[in-house]
Amino acid sequence: MKPSKLIISAFGPYAGRVPEIDFTKFEEKGLFLISGDTGAGKTTIFDAITFALYGEASGTVREAGMFRSKYAKAETETFVELTFAYQGKEYIVRRNPEYECPKKRGTGFTTKKADAELIYPDGRQPVAKMGAVTKAVTELMGLDYKQFTQIAMIAQGDFQKLLIAGTAERGEIFRQ
């Protein structure tokens with residue numbers, strides 16, 4: 001899986017939609033490092049990618065219910081959209097966590113349910129709903145959430161988990 005584009009709106013510390021992150025600028029470099037000062041948003045990028053694919057945070061400190069920005073205006077939509085390439089084809093996955101938003105009619109608030117959609121490159125019917133998208137992503141890439149966070153998206157502090165994993169567990173990780 002190679003990320004191409006990431007769009008974040010009212011997610012984590014970001015009150016509104018932030019300029020998209022264009023990962024294609026780094027394609028010729030191979031591996032790249034996301035670095036910055038404490039609080040700059042590095043972990044939010046990891047969380048957004050992992051949330052888009054699996055509906056979970058990139059590490060064990062945060063939960064999906066924490067993803068709605070506390071700084072966002074009530075009418076600002078919260079979502080993450082990831083465009084990624086896998087085996088030469090481009091996929092788009094979009095997810096939103098559950099959060100409170102203004103009612104469309106009348107006053108007050110209503111709960112916007114968590115939702116997801118995976119769009120295939122070949123025009124087939126998109127997959128919808130949180131669990132179905134997670135299952136489709138897992139089948140597509142051959143990695144479940146735990147495996148992905150151990151080898152493909154190692155968030156701050158989680159690299160140690162791979163290092164201290166038992167021989168059998170490490171073997172299983174690398175076989176996948």
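Bear in mind the structure is a predicted one, so any value in this text is a computation, not a measurement.

Cut-offs and rules
For every chain, the first residue of the written sequence is number 1, and numbering continues from 1 along that sequence. Local features are withheld for residues below a pLDDT of 70 in this predicted model, meaning they are given only at 70 or higher, and side-chain atom pairs are given and counted only at 80 or more; totals for whole chains, interfaces and linings count all residues. Water and hydrogen atoms were dropped before computing side-chain values, which therefore reflect all heavy atoms in the structure. Helix and strand assignments come from DSSP, with helices taken as H or I runs of at least 4 residues and strands as E runs of at least 2, each series counted from the N terminus. Only protein chains enter the accessibility calculation, which uses a 1.4 Å probe. A residue is then buried if its area is under 20% of the maximum for its type, exposed if over 50%, and partly exposed in between. For a helix, the expected span equals 1.5 Å multiplied by the residue count minus one. To obtain the arc, one takes the directions from the helix axis to the C-beta atoms. Every case where a carboxyl oxygen of Asp or Glu lies within 4 Å of a side-chain nitrogen of Lys or Arg is listed as a salt bridge. At least two DSSP bridges between two strands are required for those strands to pair.

Enquirer: Help me understand unusual backbone geometry in this model?
Expert: Glycine aside, residues mostly have negative phi, and peptide bonds are mostly found in the trans state. A positive phi angle, near 50°, is found at Ala10, a position not held by glycine. Topologically, Ala10 is positioned in the loop between strand S1 (2–9) and strand S2 (21–22). Under the relative-accessibility criterion, Ala10 is labelled buried at 0%.

Enquirer: Sorry, what's going on with helix H2 (residues 130–141) here?
Expert: For an α-helix the count is 3.6 residues per turn, leaving residues at separations of three or four pointing the same way. With twelve residues, H2 should reach 16 Å at 1.5 Å per residue; the first-to-last C-alpha distance of 17 Å fits that figure. All of the buried residues along H2 are Val133, Ala136, Val137 and Met141. Projected onto a plane normal to the axis of H2, the buried residues spread over an arc of 115° and lie on a single side. Residues of H2 that are exposed and point more than 90 degrees away from the buried face comprise Gly131, Lys135 and Glu139. Trailing H2 by a residue or two, Gly142 shows a phi angle of about 75°, which is positive.

Enquirer: Is there a simple way to think about the pattern of salt bridges in this case?
Expert: Oppositely charged side chains are able to pair whenever their charged atoms sit close together. Per the stated rule, a full pass over the model turns up five salt bridges. With a closest N to O distance of 4.0 Å, Glu98 and Lys113 form a salt bridge. Here Glu98 is found in the loop between strand S4 (89–96) and strand S5 (99–102), whereas its partner Lys113 is found in the loop between strand S6 (109–112) and strand S7 (115–119), with 15 residues between them in sequence. Using a relative accessible area of 57% as the deciding quantity, one classes Lys113 as exposed. The partner of Arg124 in a salt bridge is Asp122, and the shortest N-O contact between them spans 3.1 Å. Residue Arg124 is classed as partly exposed on the basis of its relative accessible area, which comes to 44%.

Enquirer: Looking at this structure, how should I read the pairing of S5?
Expert: Looking along a regular strand, one sees the side chains alternate between the two faces of the sheet. In this sheet, S6 lies alongside S5 in antiparallel orientation, the contact comprising four bridges. Looking across to S6, one finds that Tyr99 is bridged to Lys112. Counted along the chain from S5 to the antiparallel partner S6, the turn is six residues long, and its residue Gly106 has a positive phi close to 80°.

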